[in-house]
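Here is what each chain is made of, one letter per residue.
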Amino acid sequence: MKIIDLHCSSRALHAGQVAVIKHGSRLKDCDLYFSRKPCSTCLKMIVNAGVNRISYWPADPEMSLEQEVSNHSNGDAKLDAKAVERLKSNSRAHVCVLLQPLACNIVQFVEETSLKCDFIQNILRKYPDFSTALFYDYRQEKIKEYEALFLISDNEKHKEILRLMGLENLCENPYFINLRQNMKELVLILSTVASSVPNCYDFGFYLSDNSIESDIPPYHSISQDITRHCIIQARLLAYRSEDHKIGVGAVIWAERSSNTTDCDGTGSMYFLGCGYNAFPVGSEYADFPNMDDKQKDREIRKFRYIIHAEQNALTFRSREIKPDEKSMIFVTKCPCDECVPLIKGAGIKQVYAGDVDIGKKKADISYLRFAELKGVSKYAWQQNSHCAH
Ligand SMILES: O=c1ccn([C@H]2C[C@H](O)[C@@H](COP(=O)(O)OP(=O)(O)OP(=O)(O)O)O2)c(=O)[nH]1
């Protein structure tokens, strides 16, 4: 599977329409993921383009339907819900699917690994009193924020909306309970991952000591909010890793030169590619060793086989890296000595990364070159020096 793009709605267009404008009939056989059930305007074009599957979060149209249910109105949202069902039922079976259940124990795994990730570890190094309790407090705020955005609080209202959407089979138990449980767990996962790059103690992505922003064309750093957003994307991707010990995610974005406008809601930023650490494409379970450097025999260690997150992101990128544009890679871990020359050679202008491993030399992998890397601006997760005390 290759992720070819990420879009969001703009003032004038829905995300589905942006996808059609950008990719046209190349959408044929693609899988599309939506943060809401697409409306009929989008769905008719997407189905017509021949997509393989549309997966969606069953909420946003329900939120607009929620208002209509409360007002007992018979408005456009209801009409649209019916049209969507009709488009769906006249298309190939399973073209539209609800979010799928999560893997067993994933919530606990995400919680544990989020606490261990570079970003939380860096805060802990600086503030040993930043305890697990503070992480959970922060997460609680995120849960509230995301629940308000993504969930319908009242069970009965949710059922009524599902019926209006033609999904009455989901109103009966155990389906209804399962659906709500899945939605809640996904919100929990999203909140947990977002809390692993928290907006607190003035921590953010700031230029590393020897990196000079102005030694490279007029490229400035992007806002802390957008950086955090992209790093969260990379952290989510890391959960697809095939390395049992550590998942690493990398996402590459670029910024169009200032005078060009675009229809995508991502504004001047556009997606170039993404990846995570995994064995070569097509490998089967146990084709390659998965041992780390604690194993004595170097021959049976994973390091010579695993393709790093940055390497996959560069290999499977969907667009060229333009030398005159600001291209940025967001990585959940410090780029290692194998990846540093690749990032520079590919013409990436900025790196946003964790740096817990910086300067380390491990048995089979080392992290010495990142500190020496010149001509690329490096932004590491640290406390804003103006606020440090
Ligand atoms: O720039 C990088 C560096 C590493 N990795 C991946 C490759 C491999 O799957 C894992 C290696 O991580 P690490 O160096 O932390 O080794 P470990 O054996 O997993 O952990 P440790 O030696 O810290 O116990 O991270 C990347 O994707 N990109």
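Residues numbered from 1 in each chain as written. Predicted model: local features only at pLDDT ≥ 70, side-chain atom pairs only at ≥ 80, totals over all residues. Heavy atoms only, no water.

The name given to the protein chain in an unreviewed UniProt entry is Cytidine and dCMP deaminase domain-containing protein 1, with Pelobates cultripes as the source organism. Per UniProt, the comment on the protein chain under Sequence similarities (unreviewed entry) is "Belongs to the cytidine and deoxycytidylate deaminase family." (UniProt positions renumbered as here; feature names shortened; annotations may be inferred.)

Points about the overall build of the protein chain
Scanning the protein chain for helices and strands turns up 13 helices and 9 strands. Over its C-alpha atoms the protein chain spans a radius of gyration of 22 Å, differing by no more than 12% from the 21 Å that the globule rule assigns to 389 residues. Here the protein chain holds 389 residues, and the buried ones make up 47% of them. A fraction of 71% describes how many contacts in the protein chain between residues 6 or more apart in sequence connect residues 24 or more apart. Carbon and sulfur atoms make up 52% of the accessible area of the protein chain, which totals about 20300 Å². (Helix = DSSP H or I, 4+ residues; strand = E, 2+ residues; numbered from the N terminus. Rg over C-alpha atoms; globule rule 2.2 N^0.38 Å. Buried < 20%, exposed > 50% of the residue type's maximum accessible area, 1.4 Å probe, protein only. Contact = heavy atoms within 4.5 Å. Areas by Shrake-Rupley, 256 points an atom, 1.4 Å probe, with all protein chains shown as cover.)

Regarding the environment of Gly166
Checked against the element boundaries, Gly166 lands in the loop between helix 8 (155-164) and helix 9 (175-195). Spatially, the C-alpha atoms of Gly166 and Lys82 are 7.2 Å apart, while their sequence positions differ by 84 residues.

Overview of helix 7 (residues 132-150)
Here helix 7 spans 26 Å end to end across 19 residues, near enough to the 27 Å set by a 1.5 Å rise per residue. Among all positions of helix 7, only Phe135, Tyr138, Arg139, Lys142, Ile143 and Tyr146 are buried. Along the long axis of helix 7, the arc covered by the buried residues comes to 155°, so they all point the same way. Facing away from the buried side of helix 7 by over 90 degrees, the exposed positions are Glu141, Lys144 and Ala148. Buried-residue contacts for helix 7 involve helix 5 (106-116), helix 6 (118-126) and helix 9. (Expected span 1.5 Å × (residues − 1). Arc of directions from axis to C-beta.)

Topic: the site of the ligand
For the ligand, the set of nearby residues contains 22 residues, the closest of which are Asp243, Lys245, Glu310, Lys362 and Tyr367. In the model, an oxygen atom of the ligand is placed 2.6 Å from a nitrogen or oxygen of the Lys245 side chain. The contact in question runs from an oxygen atom of the ligand to an N or O atom on the backbone of Cys336, over 3.0 Å. For the ligand, the accessible surface in isolation is 590 Å², of which the surrounding protein chains cover 91%. Applying the majority rule of atoms within 2 Å of the grid points places the ligand in the second largest pocket. Among the residues forming the shell around the ligand, the class breakdown is 11 nonpolar, 2 polar and 9 charged. (Near = heavy atom within 4 Å. Polar contact = N/O pair within 3.5 Å; in protein donor to acceptor, adjacent residues only side chain to side chain. 1 Å grid on protein atoms, 1.4 Å probe; cavity = no way out; pocket = protein on both sides within 12 Å on 5 of 7 lines; lining within 4 Å. Sits in = over half its atoms within 2 Å of the grid points. Nonpolar A, V, L, I, M, F, W, Y, C, P; charged D, E, K, R; others polar.)

Things to note about the sheet that holds strand 1 (residues 31-34)
Taking strand neighbours across the sheet as the criterion, the 3 strands line up as 1-2-3 in an open arrangement whose pairing is parallel. The open sheet has two free edges, formed respectively by strand 1 and strand 3 (96-98), since each of these has just one partner strand. Neighbouring strand axes in the sheet, compared pairwise and without regard to direction, differ in orientation by 25° on average. Pairing between strand 1 and strand 2 (residues 53-56): 4 bridges, direction parallel. Bridge pairing in strand 2 links Tyr33 to Ser55. (Pairing = 2+ DSSP bridges. Axes fitted to C-alpha atoms, helices over the stretch in contact; angles between N-to-C directions.)

Points about the sheet that holds strand 6 (residues 269-276)
The mixed open sheet is built from 6 strands, whose spatial order is 4-9-8-7-5-6. Looking at the sheet topology across the chains shown, the edges are occupied by strand 4 (203-207) and strand 6. Across the sheet, the axes of successive neighbouring strands diverge by a mean angle of 20°, strand direction being ignored. As judged from the 4 bridges shared by strand 7 (residues 326-331) and strand 8 (residues 350-353), these two strands associate in the parallel manner. Residue pairing for strand 8: Ile329 is matched across the bridge by Val351. Across the sheet, helix 6 touches strand 4, strand 7, strand 8 and strand 9 (377-383), and the angle it forms with strand 9 is around 55°.

Overview of the packing of helix 5 against helix 7
At a closest axis distance of 11 Å, the pairing of helix 5 and helix 7 adopts a crossing angle of 120°. Classed by the angle they form, the pair helix 5 and helix 7 counts as oblique. Once helix 5 is placed against helix 7, the crossing between them reads as right-handed. For the pair helix 5 and helix 7, contact is made by Glu111, Ser114 and Leu115 and by Thr132, Phe135, Tyr136 and Arg139, respectively. Among the residues forming the contact of helix 5 with helix 7, the class breakdown is 3 nonpolar, 2 polar and 2 charged. (Parallel < 35°, antiparallel > 145°, perpendicular 65-115°, else oblique. Left-handed = near helix turned anticlockwise from the far one by under 90°.)

Concerning the layout of surface pockets
In this structure, the second largest pocket spans a volume of roughly 1000 Å³. If you trace the second largest pocket, you find 39 residues lining it, with Lys245, Ile246, Gly247, Val248 and Lys333 closest to the centre. Within the residue set of the lining of the second largest pocket, elements represented by two or more residues are helix 5, helix 6, helix 10 (224-238) and helix 11 (309-315). Here the residues of the lining of the second largest pocket are counted per class, giving 17 nonpolar, 8 polar and 14 charged. (Points joined across faces, edges and corners; volume = space filled by probe spheres on them.)

Quick look at the packing of aromatic side chains
Throughout the structure, instances matching the rule amount to 15 aromatic pairs. Where Tyr352 meets Tyr379, the ring centres are 4.6 Å apart and the plane angle is 10°; that geometry is what we call stacked. Here the residue Tyr352 occupies a position in strand 8, and Tyr379 occupies one in strand 9, the gap between them amounting to 27 residues. Relative accessible area serves as the criterion here: at 0%, Tyr352 is assigned to the buried category. Taking relative accessible area as the criterion, Tyr379 reaches 2% and is therefore assigned buried. What links up through ring pairs into an aromatic cluster is the set Phe119, Phe203, Phe205, Phe330, Tyr352, Tyr379 and Trp381. Here Lys159 stacks its cationic end above the ring of Phe176, 5.0 Å away from the centre of that ring. The ring of Phe370 has Lys378 lying over it, and the distance from NZ or CZ to the ring centre is 5.4 Å. (Phe/Tyr/Trp six-rings, centres within 6.5 Å; stacked < 30°, edge-to-face > 60°. Lys NZ or Arg CZ within 6 Å of the ring centre and 35° of its normal.)

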